Amino acid sequence: MAVVQTRNVTKVFKEGELGAVNNVNLETREGEFLVFLGPSGSGKTTLLRMIAGLETPTSGEILIGGKVVNDLTPRERRIAMVFQSYALYPHLTVYKNIAFPLKAQNVPKNLHKEKVEWASSLLGIGALLQRKPRELSGGERQRVALARAIVREPSVFLLDEPLSNLDAKLRLSAREELERFHRRVGTTTIYVTHDQVEAMAMGDRIMVLNKGVVRQIGTPKEVYDDPADTFVATFLGSPPMNLVENDGVIVGFRPEHFRLAEDIREVDKLTFKFRVENVEYLGAEFILSGLLMGGKADGKKVIARLLLGHSYEAGTTYDFAISARQLKFFDRTTEKKVPAKALTWQ
Amino acid sequence: MKRKLSHKIVHVAVLAFFVVLLAFPFYWMVIATFKENLDLYNVQNNPFLFHIKPTMANLNLLFGETRFLRWLWNTALVGVLVVIITLLLSIPAAYALARLTGRWGERLGIGIFLTYLVPPTLLFIPLSRVIAVLGLQDTIWSLVLVYPSVTIPFSIWLLMGFFKSIPKELEDAAMVDGLTRFGAFLKMVVPISLSGILTVVIFTFTLVTQEFVYALTFISPESNQMVGVGIPIFLVRGDVYYWGSLMAACLIASLPVAFIYNLFLDRFIAGFTVGAVKG
């Protein structure tokens, strides 16, 4: 096991253009499950590939286990990587796929069988060893890719969107399996995804990236409840955080905190007239979208997420409110978090 | 049931038609090999059957009075050498071009392919000058030098298609798993492209065995001939055609290639289709 660190890592693909990854500093914890989360093009895969040694950083240092590995080839870094497409070797059987890293790193041949059997039983693919990758289902392929990754007992796991090729139902079970797998082997893992649900569910910590810049690193609870800027605030959560501008600051509140005024007991609350324009019934909850009426926020579009209980009708105006401690404040120009402020809304 | 039967009949009929069509040249070569000239030239006789007892005279002429075995050996030697040279140069070149990002890889590939389109009938004049300067005239080494100029461009173009269809992630995975870039190329790219490489082998070898212009112009001595030139030169004397021996030579020269080709038939079909269609 090892800790991965990056120091001011930057990657510029074309000179003169903006970097794909800019000045990233991070340090994993021992045995941690760290998620890189960001939209496509945010540089998360590039950063992962630099840690793997498949891309060379333009500047900065990468350390694995306290040692600078910038000049080491991927094979010398003692890492394992699972790719989005799984990258199983199509001409080899499952057994040979799993044994491949052992062979490539000159592990004595008599140990191969034992190690392959250990890895394949850990993932429950012992019965598939003689098949070729094309004869496997998506979920089986993922398991083979994981078995191939753990067989040499790497110090760090790198996973590049390993669930994005699976259908929705399989993704859920594969996700649980990955979590269980990580708990069992306890190896430091870096996981890249653009899916915020995956990130929230699996990560010990989440690093949110946008345009090659780290926006925030924190536990799922921290990045959700206390976003560092408006990007993080709107990227995490579905529907995203409502943002309303007032007196030079942006005020944010989560749709689930925007509720009927009578349901909020706290004295310190902010009330609005909320004109519902559209009602979506999602079985366990309602999603209401509509406009704030009157005062400085007149005409601002916001979304509310409500549990069942009341019924709501489009075209009607309700009294809604947000508890004051649920309000987030961001600077209008930098979009960064600022301390809470008392604002007048009328 | 009836439909099934009629299907089967059509199936067998079509199959039979093509079997006869394709096997017929071989039958013709075999029967002509063992026929007396008297039998062969008599238009009253049924050409598909023996009317006079089969003879070994044609084979005796071929093996006794020409350097046929030597020609076969020359052809095989040149063929193997040209195949090796072609593979050694075209596989790395095609890989480099396929993985070269940007527009240059594609353009260079097309440029290389264009050189393949210049006909040998134009090129043999300047090339014979080159051969003379190098002092290679009348030796098979002239052909070993010249043939790759035809086979390499085509092979590069064919292999590029193959290498491009291999996801880059496979090489990345192999490198993370413990191979060097060259190792990943050797142990991942080459085995996966085996169909394409076999296609290159058969294409190159076939070209060497059937090429005529260079083989005719660069080499004169009987013992240094290639089989494709030696047979028509030495078995057609003036207007006398030694049909029996000609057919025997064709039969013997074509059998090994036909055999190898059939052995790898499935691979070649995969080779032609995978290389041609993207994805």
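For the structure, see preceding data.
Residue positions are given per chain, counted from 1 along the sequence in the order it is written. Key to labels: chains lettered from A, ligands numbered from 1, both in the order written. Where totals are concerned, whole chains, interfaces and linings use all residues; where local detail is concerned, this predicted model gives features only for residues with pLDDT of at least 70, and gives and counts side-chain atom pairs only at 80 or more. Excluding hydrogens and water, the side-chain figures rest on all heavy atoms present in the structure.

Colleague: Help me out: how do you make sense of the sheet that holds strand β12 (residues 249–253) of chain A in this one?
Modeller: In a beta sheet, neighbouring strands pair by backbone hydrogen bonds and run either parallel or antiparallel. Residues and elements named next belong to chain A. Criterion used throughout: strands pair if DSSP finds at least two bridges between them. Helix and strand definitions here come from DSSP, where helices need a minimum of 4 consecutive H or I residues and strands a minimum of 2 consecutive E residues; each element is numbered from the N-terminal end. Across the sheet, three strands lie side by side as β11-β12-β18; this open sheet has antiparallel pairing. This sheet does not close on itself; its edge strands, each paired only once, are β11 (242–246) and β18 (328–331). Between one strand and the next, the sheet's axes are offset by a mean angle of 30 degrees, whatever the strand orientation. Sheet analysis places β12 next to β18, joined by four bridges and oriented antiparallel. Paired with Ile250 across the two strands is Phe330, which belongs to β18. To obtain each axis, a line is fitted to C-alpha atoms, and for helices this fit is confined to the stretch in contact; angles are then taken between N-to-C directions over 0 to 180 degrees.

Colleague: Would you take a moment to explain the interface of chain B and chain A for this structure?
Modeller: How big an interface is tends to be stated in terms of the accessible area lost upon association of its parts. In what follows, a contact means two residues having at least one pair of non-hydrogen atoms within 4.5 Å. Taken together, the contact between chain B and chain A spans 15 residues of the former and 21 residues of the latter. Computed with a 1.4 Å rolling probe, the buried area is the accessible surface lost when two parts are put together, summed over both parts. Interface of chain B and chain A: buried area, both sides summed, is about 1600 Å²; carbon and sulfur atoms make up 64% of it. Among the residues chain B hides against chain A, the three largest losses belong to Glu169, Val176 and Asp177 of chain B. Together they make up 42% of the total. By salt bridge we mean one thing: a side-chain nitrogen of Lys or Arg within 4 Å of a carboxyl oxygen of Asp or Glu. Linking chain B to chain A there are three salt bridges. Each polar contact in these results corresponds to two N or O atoms within 3.5 Å; when the atoms are within protein, one needs to be able to donate a hydrogen and the other to accept it, and residues that are neighboring in sequence are counted only if both atoms are side-chain atoms. Our count for the chain B to chain A interface comes out at nine residue pairs in polar contact (both at pLDDT 80 or more). Listing elements by their share of the side of chain B that touches chain A, those giving two or more residues are α8 (168–176) and α9 (181–192) of chain B. When the residues that make up the side of chain B that touches chain A are grouped by side-chain class, the tally is nine nonpolar, two polar and four charged. Ten residues, namely Ala, Val, Leu, Ile, Met, Phe, Trp, Tyr, Cys and Pro, are considered nonpolar, four, namely Asp, Glu, Lys and Arg, are considered charged, and the remaining ones, Gly among them, are considered polar.

Colleague: Explain the nonpolar core to me, please; I cannot follow it from the model alone.
Modeller: For this analysis, a nonpolar core means a set of buried residues of the types Ala, Val, Leu, Ile, Met, Phe, Trp, Tyr and Cys, connected via side-chain atoms within 4.5 Å. Burial classes: relative accessible area under 20% of the type maximum marks a residue as buried, over 50% as exposed, and values in between as partly exposed (1.4 Å probe, protein chains only). Within the largest apolar cluster, 78 residues are counted, with the highest numbers of intra-cluster contacts made by Phe36, Leu47 and Leu158 of chain A together with Val78, Leu143, Tyr147 and Phe163 of chain B. Residue contributions to this core peak at 13 residues, all from helix α7 (residues 141–165) of chain B. With sequence-adjacent residues up to four places away left out, Leu158 of chain A is seen in contact with Leu48, Ile51, Ala52, Ile79, Ala80, Met81, Val82 and Ile190 of chain A. Membership of the second largest hydrophobic core comes to 44 residues, among which are Phe33, Val144, Ile150 and Tyr224 of chain A.

Colleague: It is not clear to me how the packing of aromatic side chains should be interpreted in this structure. Could you clarify?
Modeller: Note on aromatic pairs: each is described by the distance of the centres and the angle between the planes. Stacked, edge-to-face and tilted labels apply to pairs of Phe, Tyr and Trp rings (six-membered ring for Trp) whose centres lie within 6.5 Å, assigned for plane angles under 30 degrees, over 60, and everything in between, in that order. A full pass over the atoms with the stated rule returns 33 aromatic pairs over all chains. For the ring pair Tyr95 of chain B and Phe163 of chain B, a centre distance of 6.0 Å and an interplane angle of 80 degrees mean the geometry is edge-to-face. Pair noted here: Tyr95 of chain B is in helix α4 (residues 68–99) and Phe163 of chain B is in helix α7, with a separation of 68 residues, a long-range link. The exposure class assigned to Tyr95 of chain B is buried, which follows from its relative accessible area of 11%. On the basis of relative accessible area, Phe163 of chain B is assigned to the buried category, the value being 1%. With a centroid separation of 5.2 Å and an interplanar angle of 40 degrees, the aromatic rings of Tyr116 of chain B and Phe154 of chain B are classed as tilted. Taken together, the positions of Tyr116 of chain B in helix α5 (residues 103–116) and Phe154 of chain B in helix α7 put the pair 38 residues apart, joining distant regions of the chain. A relative accessible area of 25% places Tyr116 of chain B in the partly exposed class. Three or more aromatic residues link up through ring pairs in this structure, and these residues are Phe253, Phe258, Phe274, Tyr281, Phe286, Tyr312, Tyr318 and Phe320 of chain A. When the ring centre of Tyr89 of chain A is taken as origin, the NZ or CZ atom of Arg148 of chain A, which lies over that ring, is 4.3 Å away. For a lysine, the NZ atom is tested; for an arginine, the CZ atom; a charge sits over a ring if that atom is within 6 Å of the ring centre and within 35 degrees of the ring normal.

Colleague: Got a minute to help me understand the layout of surface pockets in this structure?
Modeller: Left-over empty space is what a probe sized like a water molecule reveals as it rolls over the atoms. Residue and element names in this part refer to chain B. Here the second largest pocket is characterised by a volume of approximately 620 Å³. Examining the composition of the lining of the second largest pocket, we find that nine residues originate from one element, helix α13 (residues 243–263), more than from any other. Split by residue class, the lining of the second largest pocket holds 17 nonpolar, six polar and no charged. Cavities and pockets were defined on a 1 Å grid built over protein atoms only: a cavity is a set of grid points that admits a 1.4 Å probe from which the probe cannot escape, a pocket is an open set flanked by protein on both sides within 12 Å along at least five of seven lines, and lining residues are those with an atom within 4 Å of any such point. Grid points are joined across faces, edges and corners, and a volume is the space filled by probe spheres set on the points.

Colleague: What's the story with the sheet that holds strand β17 (residues 317–323) of chain A in this structure? I'm lost.
Modeller: Residues and elements named next belong to chain A. Here five strands make up an open sheet; going across it, the order is β13-β17-β14-β15-β16 and the pairing antiparallel. Whereas interior strands pair on both sides, the edge strands pair on one side only; in this sheet they are β13 (259–260) and β16 (301–307). Pairing of strand β14 (residues 269–281) with strand β15 (residues 285–293), which is carried by eight bridges, proceeds in the antiparallel orientation. Residue Lys273 lies in a different strand from β15, and its bridge partner there is Met293.

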